[in-house]
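Each chain, written out:
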Amino acid sequence: MDLEIRSPHRLEGLVHALAPGAFALHEEPHFACLELSSWPTSVESALMEFVGLIQALPEEARAAWDGCTQRRFDIGIHAGLAPHSSGFPVPELVVRQLASVGAELAFTVYAPETTAR
């Protein structure tokens, strides 16, 4: 899972304030894609860990967070040929916590890899 943030303002201060709990996989002046430094055991725990980092931000960094035009948690799912379907529930409490920090939730589904014959 990644946290994607976009802002009309420079983001290096916010990215720095989220460390060491998270680090930038990709960083530009007005966009950053971050990942947790830990290895959470579930989507729920990863989301809650990120929310905790955001809630603990110092005032200036929290203002930068609030000024972002995009605050998106993107859960990547690698699809396979089986099983036919899988469910990925996000509990109501987690949804409320995401809303409390002004974040949205997205799912990116990647097609199964093909093998050359």
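Refer to the preceding data block for the structure.
Rules of the game
Residues numbered from 1 in each chain as written. Predicted model: local features only at pLDDT ≥ 70, side-chain atom pairs only at ≥ 80, totals over all residues. Heavy atoms only, no water. Pairing = 2+ DSSP bridges. Helix = DSSP H or I, 4+ residues; strand = E, 2+ residues; numbered from the N terminus. Axes fitted to C-alpha atoms, helices over the stretch in contact; angles between N-to-C directions.

Draft legend 1. Representation of the pairing of strand E2 (residues 22–28). Here E2 pairs with strand E3 (residues 31–36) via six bridges, running antiparallel. Looking at E3, one finds that Glu28 is bridged to Phe31.

Draft legend 2. Spotlight on unusual backbone geometry. For the peptide bond that leads from Ala19 to Pro20, omega is 5°, which places it in the cis range. You can see Pro20 is positioned in the loop between helix H1 (12–18) and E2. For the peptide bond that leads from Ala82 to Pro83, omega is 0°, which places it in the cis range. Relative to the elements of secondary structure, Pro83 occurs in the loop between strand E4 (70–78) and helix H4 (92–100).

Draft legend 3. Representation of the sheet that holds strand E5 (residues 104–110) within the structure. Strand order in the open sheet made by the five strands is E2-E3-E1-E4-E5, with mixed pairing throughout. Unpaired on one side and paired on the other, E2 and E5 mark the two borders of the sheet. Neighbour to neighbour, the strand axes of the sheet diverge by 25° on average, direction disregarded.

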